[in-house]
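Structural characterization, general
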Amino acid sequence: MSDGFQDALKEFEGLPAAEAGVGKDLVNEAMIRHWCEAMGDANPAYAGPEAMAPPTMLQAWTMGGLGGHAGRSKAQDELFALLEGAGYTSVVATDCEQEYLRPLRIGDAITFDAVIESVSEQKTTKLGTGHFVTTRMDVRAGGEPAGTHRFRILKYAPAQRKPKASGEPGKSGGPGKSGGPGKKPAQRPRPVINRDNAGFWEGVGQHKLLIQKCGGCGELRLPWLPGCNACGSQEWDTVEASGEGTVFSYVVMHHPPFPAFDPPYAVGLIELAEGVRMISNVVGVPHDQVRIGMPVRLEFLRVDEELELPVFRGSES
Ligand code: ZN
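As the structure is a computational prediction, the values presented were derived from the model and not from experiment.

Some remarks on helix H3 (residues 74-85)
The terminal C-alpha atoms of H3 lie 16 Å apart, and with 12 residues this matches the ideal 16 Å at 1.5 Å per residue to within 8%. Considered for burial, the residues of H3 that qualify are Ala75, Gln76, Leu79 and Leu83. When H3 is viewed along its axis, its buried side chains cluster within an angular range of 100° and face the same direction. Opposite its buried face, H3 presents the exposed residues Lys74 and Gly85, each directed more than 90 degrees away. On its buried face, H3 is in contact with helix H1 (3-10), strand S1 (16-22), strand S3 (110-119), strand S5 (128-141) and strand S6 (144-158). Where H3 ends, the next residue or the one after it, Gly87, has phi of about 100°, a positive value.

Here is the structure:
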């Protein structure tokens, strides 16, 4: 693509994606209840006529449904038409970030504006080559700022699937692992570290498995969350796991093959002595000898220079 095309994309940065949008419904008990049922979230703060809406519903109140929104801007349509005309015909949502400024309560009237925040340079991912488009939506309740929803998509031209190399017709197994000479071995995926779980990974770096302990009701929780599902408190401390546990359940992965993993291997749901559970690898035992109830002990596996993971060593007995 010529630089002219990139310049044309950049012209869209800062233009509105939606103007003076109005939520189709007031914040209401029925939508909150459906959401909580779908999410399996029984937090009492979200129930009843005094309920607040789960913060992650922020975008739900702005959705236009099949009919769309009257406030949708022409700029958004033009940007997509430009990208599609250049061959970037596919789309995938890649990530979203939300920031909450005040709780939404039943009866709140939602209004919003959205802006095309950025259009990236051409990037190539495993899916194909394209441009990331980031949109920021500012959501208001009763006219006051209530939160921000930042949403990123990739508009891309799908990568062509490589035809099977001739000369190895029956070869099975996934890409990556066997590799050619000089090919870097596939890396195990990195954990996604954010403000809510950074402490957990700092603990791992010090060979400690840290469990969150609610400052309100004392309930232990793992994986880490910003608040307590039992009492709603956002105060918390940590306790270090003793490292003892048992296999509560497990699966043996055969397929699909992922680069950097060597199937078959066992993935365990480990119940720690403290009562909380976590998913990790069971090591030291052949995959077909992992059993429910098997005692396991925590250890830290150095995967590569940057990555260490808590895993559980099984003991055959
Ligand atoms: Zn609690």
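Thoughts on the nonpolar core
A general trend in soluble globular proteins is that nonpolar side chains are found buried together. Counting 29 residues, the largest nonpolar core has Ile32, Trp61, Leu79, Leu104, Ile110 and Ile116 as its most contacted members. At the level of secondary structure, the elements contributing two or more residues to this core comprise H1, S1, helix H2 (29-39), H3, S3, S5 and S6. Counting residues per element, this core draws most heavily on S3, which supplies 5 residues. Once you skip the residues sitting within four places of it in the chain, Ile32 turns out to touch Val27, Tyr46, Met52, Ala53, Pro54, Met57, Trp61 and Ile106. Counting 25 residues, the second largest nonpolar core, distinct from the first, contains Phe200, Leu222, Leu272 and Val296.

Describing empty space enclosed by the protein
The probe, sized like a water molecule, is rolled over the atoms to show the empty space still left. Inspection of every chain in the model, using the stated rule, returns 1 cavity of 30 Å³ or more. In this structure, the largest cavity spans a volume of roughly 30 Å³. Around the largest cavity, the lining residues are Met253, His254, His255, Pro256, Pro257, Phe258, Phe261, Pro263 and Tyr265. Here the residues of the lining of the largest cavity are counted per class, giving 7 nonpolar, 2 polar and no charged.

Here we look at the coordination of the zinc ion
For the zinc ion, the protein coordination sphere consists of Cys214 (SG), Cys217 (SG), Cys228 (SG) and Cys231 (SG), at 2.3 to 2.4 Å. Coordination geometry of the zinc ion: the 4 donor atoms subtend angles of 100 to 115° at the metal centre, consistent with an arrangement described as tetrahedral. Every donor residue of the zinc ion comes from the same chain, spaced as C-x2-C-x10-C-x2-C. Overall, the relative accessible area of 4% leaves Cys214 in the buried class.

Definitions and cut-offs
Residues numbered from 1 in each chain as written. Predicted model: local features only at pLDDT ≥ 70, side-chain atom pairs only at ≥ 80, totals over all residues. Heavy atoms only, no water. Helix = DSSP H or I, 4+ residues; strand = E, 2+ residues; numbered from the N terminus. Expected span 1.5 Å × (residues − 1). Buried < 20%, exposed > 50% of the residue type's maximum accessible area, 1.4 Å probe, protein only. Arc of directions from axis to C-beta. Contact = heavy atoms within 4.5 Å. Core = buried A, V, L, I, M, F, W, Y, C linked by side-chain atoms within 4.5 Å. 1 Å grid on protein atoms, 1.4 Å probe; cavity = no way out; pocket = protein on both sides within 12 Å on 5 of 7 lines; lining within 4 Å. Points joined across faces, edges and corners; volume = space filled by probe spheres on them. Nonpolar A, V, L, I, M, F, W, Y, C, P; charged D, E, K, R; others polar. Donors = N, O, S within 2.8 Å, 3.2 Å for Na, K, Ca; no water. Tetrahedral: all angles 85-135°; square planar, octahedral: opposite > 155°, others 65-115°.

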